[in-house]
Amino acid sequence: MFKKFFTAELKCSSCDRPLKSGEEIFVHMTLPDEKKMPVGVLDKVLSKYSETVYCKMCYQR
Ligand SMILES: [Zn+2]
């Protein structure tokens, strides 16, 4: 099971704004090992595994 050290809410690493469904996001992450491939709700997986997540505005800046 996932530990609860990450927030369920996915936030932009730059402006700290919560990212919502339907928004374009830009994620920088390392693809985990195939055997440890994360499975779950995408925003939770991203908030745990991604190094940085940007909203469209911050990414284009
Ligand atoms: Zn942002």
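The rules behind these values
Position labels on residues start from 1 in each chain and follow its written sequence. Local features are withheld for residues below a pLDDT of 70 in this predicted model, meaning they are given only at 70 or higher, and side-chain atom pairs are given and counted only at 80 or more; totals for whole chains, interfaces and linings count all residues. We count a stretch as a helix when DSSP gives it H or I for four or more residues in a row; a strand needs E for two or more, and each element gets its number in order from the N terminus. Exposure criterion: with C-beta atoms placed from backbone coordinates, a residue whose C-beta has 20 or more other C-beta atoms within 10 Å is buried, one with 12 or fewer is exposed, and one in between is partly exposed. Here, residue contact means that the backbone-derived C-beta atoms of the two residues sit within 7 Å.

Draft legend 1. Highlighting the overall build of the protein chain. Along the backbone of the protein chain there are two helices and two strands. In sequence order, the protein chain lays out its α and β elements as β-α-β-α. With 61 residues in all, the protein chain has 7% of them scored as buried. For the protein chain, restricting intrachain contacts to residue pairs at least 6 apart in sequence, the fraction spanning at least 24 positions comes to 62%.

Draft legend 2. Spotlight on the environment of Asp16. Along the chain, Asp16 turns up in the segment before β1 (25-29). A residue is classified by how many C-beta atoms lie within 10 Å of it, and Asp16, with 9 of them, is exposed. In this structure the C-alpha to C-alpha distance between Asp16 and Tyr54, which are 38 residues apart in sequence, comes to 9.0 Å.

Draft legend 3. How the structure looks around the environment of Cys15. Structurally, Cys15 can be placed in the segment before β1. A count of 11 C-beta atoms within 10 Å places Cys15 in the exposed class. For the pair formed by Cys15 and Cys55, sequence separation is 40 residues and the distance between their alpha carbons is 8.3 Å. Apart from the residues lying within four places of it in its own chain, the contact partners of Cys15 are Cys55 and Cys58.

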